[in-house]
Amino acid sequence: MYSTFEEKQKWNEEMYSRFPTKNAYENKSFIVRFIEQVRARTVLKLSNIQKSDKVIEIGCEGGYLLKKMLSAQEIVGLDIARNALEDARNFVKSDKIKFVCADASNIPFEDFYFDKVICSQTLEHLHNPEKVIAEMFRIVKSGGAVIISVPNERVLIILKKLFVKIGLFNLLFPNLEPRSSSWHIQNFNKRDICKILNNYFIIQRFIYVPLPFFGPEMVIRCRPLTRS
């Protein structure tokens, strides 16, 4: 655990330097590229961005998804890592997006501000993902939507072990770690992530990626529970 914001920021910047966004979308492995591209398309499809929407992406990293959301009325990219935000600015090249350097467990926006809250491949990096999920619940409008994606970590580990055992891992996945990623603090499966989400949201869609019945990524669309 970190005792200060600066310690958390430093660790995330170090991790982002090792595993930048382009490692996923421009990976040497066609399998990794395919899975990440399907995940991104699924997140964007479930987001269903409208011209009148106010949208925030929490953990925007290098800005790959942000660049696909420029039709929205207001767009915010939030990340704790300054090097990630710099990559996002250079990649997106749009004055329409407001970039915010902040801790996702303390998002600097008022209650019920956003129509769409997107958090893709971020919760697994957190010591306390529920605190961030609670923040998503706070900032999303009552009629809004939250779209989350996380790795199906236990399936990933099983698949990695299999490919290592048959001697194909380095050939098929040259840039990946053979075990759980050093940046992944949480090892989610469907039950784990849904258990937390059900405290704040009604789950509308749950999709495995890239296959609908089984996959190393999970994408979820939720709407907030009725607030008292």
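Please read all numbers here as calculations on a predicted model, not as lab measurements.

So, about the overall build of the protein chain. Within the protein chain, the regular secondary structure consists of eight helices and seven strands. Taking 228 residues into account, the globule formula puts the C-alpha radius of gyration at 17 Å, and the protein chain, at 17 Å, falls close to it. By principal-axis analysis of the C-alpha atoms, the protein chain measures approximately 55 × 40 × 35 Å. Each charge sign in the protein chain was given a centre, from 34 positive and 25 negative side chains, and these centres are 7 Å apart.

Let us now look at the sheet that holds strand β7 (residues 214–224). Taking strand neighbours across the sheet as the criterion, the seven strands line up as β3-β2-β1-β4-β5-β7-β6 in an open arrangement whose pairing is mixed. At either end of the open sheet lies a strand with only one pairing partner, and these are β3 (97–101) and β6 (201–211). Strand after strand, the sheet turns through a mean of 15° between neighbouring axes, direction not considered. Note that strand β1 (residues 54–58) and strand β4 (residues 114–120) share three bridges and pair parallel. In the sheet register, E57 faces β4, and the bridge partner there is I118. On top of the sheet, helix α4 (residues 82–92) reaches β2 (74–79) and β3; it is set at about 170° to β3, its chief contact. The strands that helix α6 (residues 153–165) touches are β5 (140–151) and β7; relative to β7, the one it contacts most, it runs at about 170°.

Once that is clear, we can look at empty space enclosed by the protein. One way to see where empty space is left: roll a probe the size of a water molecule over the atoms. This structure, assessed with the given rule, holds one cavity of 30 Å³ or more. Roughly 200 Å³ of volume is contained in the largest cavity. Taken together, 16 residues make up the lining of the largest cavity; nearest its centre are N12, D79, I80, T122 and L126. Secondary-structure elements contributing two or more residues to the lining of the largest cavity are α1 (5–18) and β2. Its residues assigned to classes, the lining of the largest cavity shows seven nonpolar, five polar and four charged.

What follows is about the packing of aromatic side chains. What describes a pair of aromatic rings is the distance from one ring centre to the other and the angle between the planes of the rings. On inspection of all chains with the given rule, the structure shows nine aromatic pairs. Centre to centre, the rings of F109 and F114 are 5.0 Å apart; their planes meet at 65°, and the pair counts as edge-to-face. In this structure F109 comes out as buried when scored by relative accessible area, which is 12%. Judged by its relative accessible area of 0%, F114 falls in the buried class. With 5.9 Å between their ring centres and 55° between their planes, F137 and Y200 make a pair best called tilted. With F137 in helix α5 (residues 129–139) and Y200 in the loop between α8 (190–197) and β6, this pair connects stretches of sequence that are 63 residues apart. Here F137 falls in the buried class, since its relative accessible area comes to 19%. Across from the ring centre of F206, 4.6 Å away, lies the NZ or CZ of K190, which sits over that ring. One residue, R227, lies across the ring of F137, its end atom 4.4 Å from the ring centre.

What counts as what
Residues numbered from 1 in each chain as written. Predicted model: local features only at pLDDT ≥ 70, side-chain atom pairs only at ≥ 80, totals over all residues. Heavy atoms only, no water. Helix = DSSP H or I, 4+ residues; strand = E, 2+ residues; numbered from the N terminus. Rg over C-alpha atoms; globule rule 2.2 N^0.38 Å. Lys, Arg positive; Asp, Glu negative; His and termini not counted. Charge placed at Lys NZ, Arg CZ, Asp CG, Glu CD. Pairing = 2+ DSSP bridges. Axes fitted to C-alpha atoms, helices over the stretch in contact; angles between N-to-C directions. Contact = heavy atoms within 4.5 Å. 1 Å grid on protein atoms, 1.4 Å probe; cavity = no way out; pocket = protein on both sides within 12 Å on 5 of 7 lines; lining within 4 Å. Points joined across faces, edges and corners; volume = space filled by probe spheres on them. Nonpolar A, V, L, I, M, F, W, Y, C, P; charged D, E, K, R; others polar. Phe/Tyr/Trp six-rings, centres within 6.5 Å; stacked < 30°, edge-to-face > 60°. Buried < 20%, exposed > 50% of the residue type's maximum accessible area, 1.4 Å probe, protein only. Lys NZ or Arg CZ within 6 Å of the ring centre and 35° of its normal.

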